[in-house]
Structure formats: structure tokens, C-alpha cells
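Examination of the molecular architecture
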Amino acid sequence: ILPILRAVHAAGKRCELYCGQFIAAWRGNESSSSRRLESSGWMWPDGVGPTVKRFDTMEQMAEACADRTELFSVAIRKGLPMPQQVVDVLDELGGYDMTVSHEEAIDIISKGISKANSLSILAEKYGLDSGNVIAFGDNMNDIEMIKWAGIGVAMGNADERLKQHADIIAENNTDGGVAKTLNRLLGI
């Protein structure tokens, strides 16, 4: 974790780590999303979801999160790529992929981990093949899942690049797009 954190910091970017039960940041390097989460007072109940845990230094955060980090989220200005020095460190370390989770963040994840991979594991557990799965998404980190599913649905508010891979374009997520699409597809 530490070499990636150092590369992100050297590139002048802010990041946070998703560690299962909490989001980790070090003081002075918090992203706007973790600051908004805290300032709104929106914290999930203990043991249920993310809260923001602050560390005094990058090194303390790396040590505390070494065995828990599921995802690095690096704040990037809309449409800009990951800084080259971070890409170089990731290439050198190997074993990482990057995906866009929303217009102002690039996520760093372990190779082979994706929503499509997780969905296929879940489908296998329940004896389903991809043809029996409907997947909904709204951003580029959903593209593999949308392509994998028998019916891939992009939300109306989705990234235009994702819509190109979808079988169906639903209404916006704020307009009940998931429920309306399921009602239409399942004849409910």
C-alpha cells in the first residue's frame, strides 16, 4: 500500500482507502467525498458500512490498512487520467487494475477483481448462468458487469460510454429506473 500512497501523494492527488468497515484518509489528504460524508453527518451504523477514520500520517494509515484495503480511490479532475508516476508504480508493483468509479475518481483494485467477477461468483452460487442475470450500472466501473449479464442495463444518468454496451437504457436512478425496468422486464 505504501508505495502507491507515496506515488499518489507525490502526484499531488488526494485519495482514500476503502477498508470494509471504514474509509481511511490521512489528515490533510482527504478527498472531497470523505469530507462531504463527515460534514453531512451521514455515517452508517456501527458494523454496517463506511465511516471515515483519520490517521495522522500516510505511514500510520498504510500500516493500519495493510490487510484490509479493498480499494484505493484517487481524486482526479473530471476527464483527466491517472498521473503517470502512479501508473508507473502500479506497473512496477504489478497485480493492479484501474477503473473509473465516477467522473472525479479513479479506483485502483487488484487484478481480476471486478463487479462482473463478483456477480459471476454469486450467480454460480445460486446455479445461474449469465443469461439469467440482469445487471444495472451507471459508470465505467460497471462496464464488464453490463457486458457479462444476460441483460445489461445502463441507467439514464449513466456515462454515455457505458450506454454503448448496454442492452437497455433505463430511466434515471432518481426516477425509479431500476424498479420501472424490472416491472417492464418481469411483467409485474
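Up top you'll find the structure we're talking about.
Treat the numbers as computed from the prediction; the structure is a model and nothing was measured.

Turning our eyes to something else, we now look at the packing of aromatic side chains. The full count for this structure, using the stated rule, is zero aromatic pairs. Lying over the aromatic face of F22, K53 brings its terminal NZ or CZ to 4.3 Å of the ring centre.

On to the packing of helix α1 (residues 2–10) against helix α3 (residues 58–65). Two numbers describe how α1 lies on α3: the axes approach to 10 Å, and their chain directions differ by 145°. By crossing handedness, the relation of α1 to α3 is classed as right-handed. Taken together, the residues of α3 that come into contact with α1 (itself represented by L2, L5, R6 and H9) are M58, E59, M61 and A62. Across the contact of α1 with α3, the residue classes tally to five nonpolar, one polar and two charged.

Right, let's get into the sheet that holds strand β9 (residues 168–169). Sheet architecture is open: three strands sit in the order β7-β8-β9, paired in parallel fashion. Single-partner strands in this sheet number two, and they are β7 (134–137) and β9. Direction of pairing for β7 relative to strand β8 (residues 151–154): parallel, over a ladder of four bridges. Within β8, the position partnered with A135 by the bridge is G152. Helix α8 (residues 177–186) contacts β7, β8 and β9 of the sheet and is inclined by roughly 155° relative to β7.

Here L2 is to be found in helix α1. The spatial distance from the C-alpha of L2 to the C-alpha of M58 is 7.7 Å, given a sequence separation of 56 residues. Once residues lying within four places of it in the same chain are set aside, the contact partners of L2 are M58, E59 and A62.

With that settled, consider helix α4 (residues 84–93). Every buried residue of α4 is listed here: V86, V87 and L90. Buried positions in α4, seen along its axis, are confined to an arc of 100° and lie on one side of it. In α4, those exposed residues whose orientation departs by more than 90 degrees from the buried face are D91 and E92. Just past α4, the residue G94 takes up positive phi, approximately 70°.

Next up on the list: the pairing of strand β1 (residues 15–18). With four bridges joining them, β1 and strand β4 (residues 71–75) adopt antiparallel strand pairing. Bridge pairing in β4 links L17 to F72. As defined by bridge partners, β1 adjoins strand β2 (residues 23–26) across two bridges and the pair is classed as antiparallel. Within the sheet, the bridge partner assigned to Y18 lies in β2 and is I23. With antiparallel pairing between neighbouring strands as the criterion, β1 and β2 make up a hairpin whose turn holds four residues, including G20 at a positive phi of roughly 75°.

The rules we used
Just so you know, the residues in each chain are numbered from 1, in the order the chain's sequence is written. Totals for whole chains, interfaces and linings use every residue, but because this is a predicted model, local features are given only for residues with pLDDT of at least 70 and side-chain atom pairs only at 80 or more, for both listing and counting. Note that water and hydrogens are dropped before the side-chain values are worked out from all heavy atoms of the structure. Ring geometry is summarised as follows: Phe, Tyr and Trp rings, the Trp one being its six-membered ring, pair when their centres sit within 6.5 Å, and such pairs are stacked at plane angles under 30 degrees, edge-to-face over 60 and tilted between the two. In this analysis the charged atom, NZ for Lys or CZ for Arg, is taken to sit over a ring once it is within 6 Å of the ring centre and within 35 degrees of the ring normal. For helices, the fitted axis covers only the stretch in contact; all axes are lines through C-alpha atoms, and the angles between them, taken along N-to-C directions, range from 0 to 180 degrees. Secondary structure elements follow DSSP: runs of H or I no shorter than four residues count as helices, runs of E no shorter than two count as strands, and numbering proceeds from the N terminus. In this scheme the handedness of a crossing depends on how the near helix is turned from the far one: anticlockwise by less than a right angle means left-handed, clockwise means right-handed. Residues are treated as being in contact if the distance between any of their heavy atoms lies within 4.5 Å. Three residue categories are used. Nonpolar comprises Ala, Val, Leu, Ile, Met, Phe, Trp, Tyr, Cys and Pro, charged comprises Asp, Glu, Lys and Arg, and polar comprises the others, including Gly. Pairing between strands is defined by DSSP: at least two bridges between them are needed. Three labels apply to residues, based on accessible area from a 1.4 Å probe with only protein chains included: buried if under 20% of the type maximum, exposed if over 50%, partly exposed otherwise in between. Think of the arc as the fan of directions from the helix axis to the C-beta atoms.

It is worth stressing that arrangement in space is one thing and function is another; only the former is reported here.
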